[in-house]
Amino acid sequence: GGRGGGDVSGTACVGRRAVAMAASVDGERVHVALPELRDLCTKALRVIGYSQDEAKVLLEVLMHAQLRDNNQGIVKITSGGLNRAPNAGPPIIEQDTNLSAVINGNNGTGMLVLKQAVDMAVDRATRAGIGIVGTNHTATSTGAIGYFAELLAQRGLIGIVLAQSPEFVAPHGAKKAVFGTNPIAISIPSESGPVTMDMATAAFAWFGVLEAKAAGQPVPAGVAINAAGEDTVDPDEVLSGGAIKVFDKSYKGSNLALMVELLAGPLVGAAVSDKLAEKNWGNLVLALDPSLLGNPELIKARMSAVLERVRSAPRQPGVSEILLPGERGNRLAATRVSAGMVPIEPNMLASLRVMAAKFGAPGGPIGVTSSGTAPRAGRDAWESYSVATKLVHGRHSIEDPYNSSGPPLWQTATFAQPTSTTNGPYDYTRSGNPTRDMLQEQMAALEGADRALAFTSGMAALAAVAKLAGVGEHIVAGEDLYGGTSRLLSMVVPAAGVSVTNVDMSDVEKVRRAIIPGKTKLVMIESPTNPRMQICDIRAICAAARAAGAVTCVDNSIMCPTFQRPLDLGADISMTSGTKFIGGHADVTLGILSIKGEELAKKLYFLQNAEGAGLAPFDCWLALRGLKTMSLRMERSAENCAKLAAYLSTHPLVKKVNYAGLQDHPGYDVHSRQATSGGSLLSFTTGDVEVSKVIVEETKLFKVTVSFGSVTSLISLPCYMSHASIPADVRAARGLPDDLVRISCGIEAGDDLLTDLDRAMRKAMDKVGMAPAPVAVASGASPSEQQLMQRVRQLEDQVRQLSSMSNGSS
């Protein structure tokens, strides 16, 4: 309640124009088309500094409230309630365990931090049955917390969300505000969907007071007091030293508000006094898996029985229906979505239009320079672009006075200085070069990193990372690793007094057991792994490492930021061997470290500079050129790889196919959560090294070589090439068979690759005396149709073989 309209005739000119543009006016509110309203809100959010992804999250929370007449809706935009704090920074994980976490919002936006908290609670409850996540230091409201509780219930979890806010509400009997509006939301999964209670412990919403003021309307009687402690309906008096009452105007409501205050305040590290000035507000999220208490479906059925008892209870005279929690709001929202129209106060709509009009205007937050480089400062349109566009229009701070279409190349070892006693931005290319900075800054932006560093190779980059562990300390790494990484960790790192434990990283529990709190300083992850394409749960492993005080580094060479962003999953460092997809043409070697945290970045830059491992300017220039086409190349290569994986998965010679994009891959679900493609690498086994050698050597379009990620398709036997440095007994112990074939798909026509591979497979079938079954590659046949035709031929061959055996025996 409490949503008041405005007098249309009394609005400013822009307000009257807004009314005229809307679909209809109903009483005191304007009805706006839902798509138009969403567009206006998105643009307004972009104008005040949010990225496209952030605006998407915020919009869902705001529209959830707006559609239900909840005062936590669009008024938050127009009233300034979502304006970013000047000192806002990325959230910091202060505590992280298997069951719990605490997020320091770092003065960030409450709704975004709370969404992160919900995601972390879901992750823990999914794995361990319970997830408890607290947040502190958020400088803006968390909005309609019923939305967040319902997200948990939609995942089959019981969700409880508590929110503390600034001093808006007076305890019962007091005349000064001490509590926040302190809402509590509980959402429970049932057979008919989530049942959600979202209830403020205050008699009215603070934003409802602001909304009433904007609309020129009074607040409802009995919900607020002025500075003298007297009842008032004047929103100005409430805003001028007054307060809102607790919801039932009694000690019971006051006690409930206090419990929320304690649980969402001191417990999670939020402010306990002068919350408004400190801007340190807290939230508590609890997620509980019902299966801890029994069969989830049986529990749902029992809950449905209780809900039905409530719904069908005998009604008092004049009561037509007993509604369940959230039911009225959900029906209202459904009606408005169906009609495609949403009511909104005219003044609010006018303000929203003014804000949205600034999006894309000269001097506004959108724009790209004439050189094709997006501006560095601010959260502008560049954040909303797809990866493909970001790769073409790199983001960096280097000035090009001529606005050239391609990146400039500063091919120099030294730079002249302004005077004999002052230094310019660059002096010696080992320490820094503008071409290298262009590459490093673009990679940092692509990865969501604070800084990126370009090294002479992927191994040079990993060698620098390994030095983060010192004498007597410990590194945990996977068993299925790139051969060069394995050599570094088994022969170089131990000589520096650092111990290394290799574990199966597809098993998170094994990783947790391998980590030694206080001693393990680095956890090195690959996902997918090379060459067996195992999938590791990056988010879970990073959480476990962080809880033990260890830094995490993910080798992301197979996916690149095109398909996977490890820093978004909690990693501290993302390493990309740019020799592969970034260069893309097998003509340059390089490695990139993308790093979260300035202190960590400074340590790694020191090593890059001190050891002379920085990438040369011309190689940086080649990498910058390669980035522009990386999305096209990777997408085409992945498409080809999926086609070959489908073919191999039904081939009689093949024992096992390792490809993250196949639905029967044991890590498919995890990979789908953390990456957007199966990638362009696969491996498979035949059970016979000689058969595998025939396959590799008989292909014509696949070059027999190490590495991957080139425009040309590559094929190899890793145990004899890229992983030959790993001793045979170690390979065997780790489950890396000699007959394993690895394929890196290029950008050739997929049908040509399939034909070529099939020709080699038929040669191998001849070797083992198996009747070949050529695959028909028709441009009009889909991959699934091709697989079906292949399988039919295989079955026909098997029937013929059985028939000849039967005739021979007779």
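Every value quoted in this text rests on a predicted model; they were computed, and no experiment measured them. Here, residues in each chain are numbered from 1, in the same order as that chain's written sequence. Thresholds applied to this predicted model are a pLDDT of at least 70 for local features of residues and 80 or more for the giving and counting of side-chain atom pairs; totals over whole chains, interfaces and linings are not thresholded and use all residues. For the side-chain quantities, the full set of heavy atoms in the structure was used; hydrogens and water were omitted.

1. Side note on the nonpolar core
Then comes step 1: What we call a nonpolar core is a set of buried Ala, Val, Leu, Ile, Met, Phe, Trp, Tyr and Cys residues that are connected through their side-chain atoms within 4.5 Å. Here the term buried applies to any residue with accessible area under 20% of the maximum for its type, exposed to any over 50%, and partly exposed to those in between, with areas from a 1.4 Å probe on protein chains only. Residues Leu439, Met505 and Val523 are the most contacted members of the largest nonpolar core, which totals 56 residues.
Then comes step 2: Counting residues per element, the ones that place at least two in this core are helix 15 (434-447), strand 13 (451-455), helix 18 (508-514), strand 16 (520-526), helix 19 (538-547), helix 20 (560-563) and helix 22 (617-648).
Then comes step 3: Here a helix means four or more residues in a row that DSSP labels H or I, a strand means two or more in a row labelled E, and each is numbered from the N terminus. Sorting elements by how many residues they give to this core places helix 22 first, with 8 residues.
Then comes step 4: Residue contacts follow a heavy-atom distance rule, with two residues in contact if any of their heavy atoms lie within 4.5 Å. If near-sequence neighbours (up to four positions away) are discounted, Leu439 is found in contact with Ala454, Leu590, Ile592, Leu615, Cys620, Ala623, Leu624 and Leu627.
Then comes step 5: Counting 55 residues, the second largest nonpolar core, distinct from the first, contains Val32, Ala44, Phe148 and Ala287.

2. Notes on the packing of aromatic side chains
Then comes step 1: Only rings of Phe, Tyr and Trp enter the pairing, Trp through its six-membered ring, and a pair is recorded when the two centres are within 6.5 Å. The plane angle decides the type: under 30 degrees is stacked, over 60 is edge-to-face, the rest tilted. Taken as a whole, this structure holds 4 aromatic pairs when the rule is applied.
Then comes step 2: Their ring planes at 55° and their centres at 6.0 Å tell us that Phe581 and Phe708 sit as a pair that is tilted. Note that Phe581 is positioned in the loop between strand 18 (573-577) and strand 19 (591-595) and Phe708 in the loop between strand 22 (703-704) and strand 23 (714-716), a separation of 127 residues in sequence.
Then comes step 3: On the accessibility criterion, Phe581 (2% relative accessible area) is buried.
Then comes step 4: Ring centres 5.9 Å apart and planes at 15° place the aromatic pair Phe618 and Trp621 in the stacked group. Highlighted residues: Phe618 and Trp621, both in helix 22, separated by 3 residues, approximately one helical turn.
Then comes step 5: Judged by relative accessible area, which is 23%, Trp621 ranks as partly exposed.

3. Here's the deal with the sheet that holds strand 19
Then comes step 1: The pairing criterion is simple: DSSP has to find at least two bridges between the two strands. With respect to topology, 7 strands assemble into an open sheet ordered 13-19-18-17-16-14-15, the strand pairing being mixed. Each having just a single partner strand, strand 13 and strand 15 (499-503) make up the two edges of the open sheet. Put simply, the sheet's adjacent strands are angled 20° from each other on average, direction ignored.
Then comes step 2: Bridge count between strand 18 and strand 19: 5 bridges; the pairing is antiparallel. In the sheet register, Ser577 faces strand 19, and the bridge partner there is Gly591.
Then comes step 3: Axis lines are fitted through C-alpha atoms, for helices just across the contact stretch, and the angle between N-to-C directions can take any value from 0 to 180 degrees. Together, strand 13, strand 18 and strand 19 form the strand contacts of helix 15, whose direction differs from that of strand 13 by roughly 130°.
Then comes step 4: Along the sheet face, helix 21 (residues 598-610) touches strand 13, strand 17 (551-555), strand 18 and strand 19 and points at about 20° away from the line of strand 13.

4. Re the side chain of Thr201
Then comes step 1: By secondary structure assignment, the location of Thr201 is in the loop between strand 8 (195-199) and helix 7 (206-215).
Then comes step 2: We call two N or O atoms a polar contact when they sit within 3.5 Å, provided that within protein one can donate a hydrogen and the other can accept it, with sequence-adjacent residues counted only if both atoms are side-chain atoms. Of note is the side chain of Thr201, whose polar atom sits 3.0 Å from the backbone oxygen of Thr181.
Then comes step 3: From its side chain, Thr201 meets the backbone oxygen of Asn182 in a polar contact 2.9 Å long.

5. What about the sheet that holds strand 3 (residues 92-96)?
Then comes step 1: In space, the 7 strands of this open sheet follow the order 3-4-5-11-6-7-8, with mixed pairing throughout. Across the chains shown, the open sheet's two edge strands, defined by having one partner strand only, are strand 3 and strand 8. Shown here is a sheet whose adjacent strand axes are inclined to one another by a mean of 10°, direction ignored.
Then comes step 2: Contacts from helix 9 (residues 251-263) reach strand 6 (158-163), strand 7 (184-188), strand 8 and strand 11 (281-288) within the one sheet, and its direction differs from that of strand 6 by about 95°.

6. Observations regarding the environment of Gly612
Then comes step 1: As for its position among the elements, Gly612 is in the loop between helix 21 and helix 22.
Then comes step 2: Those residues in contact with Gly612 that lie beyond four places of it in its chain are Arg430 and Leu607.

7. A closer look at the pattern of salt bridges
Then comes step 1: Salt bridges are defined by distance alone: a side-chain nitrogen of Lys or Arg within 4 Å of a carboxyl oxygen of Asp or Glu. Under the counting rule described, the total for this entry stands at 27 salt bridges.
Then comes step 2: A salt bridge links Glu327 to Arg311; its shortest N-O distance comes to 2.7 Å. Taken as a pair, Glu327 in helix 12 (residues 327-339) and Arg311 in helix 11 (residues 296-311) lie far apart in primary sequence, 16 residues in all.
Then comes step 3: Its relative accessible area of 15% is what places Glu327 among the buried residues.
Then comes step 4: Two residues, Glu321 and Arg331, come together in a salt bridge whose shortest N-O distance is 2.5 Å. Here Glu321, found in the loop between helix 11 and helix 12, pairs with Arg331, found in helix 12; they are 10 residues apart in sequence, far enough to count as distant.

8. As for the confidence of the model for the protein chain
Then comes step 1: One confidence number per residue, pLDDT, is output by the predictor and ranges from 0 to 100. Per-chain confidence: the protein chain averages 86 in pLDDT, with 89% of residues scoring 70 or above.
Then comes step 2: Segment residues 1-27 is flagged for pLDDT under 50; beyond a separation of four residues in sequence, or across chains, it makes 51 contacts in the model.
Then comes step 3: Confidence drops under a pLDDT of 50 for residues 362-379, and excluding neighbours within four residues, the segment shows 46 contacts in the predicted structure.

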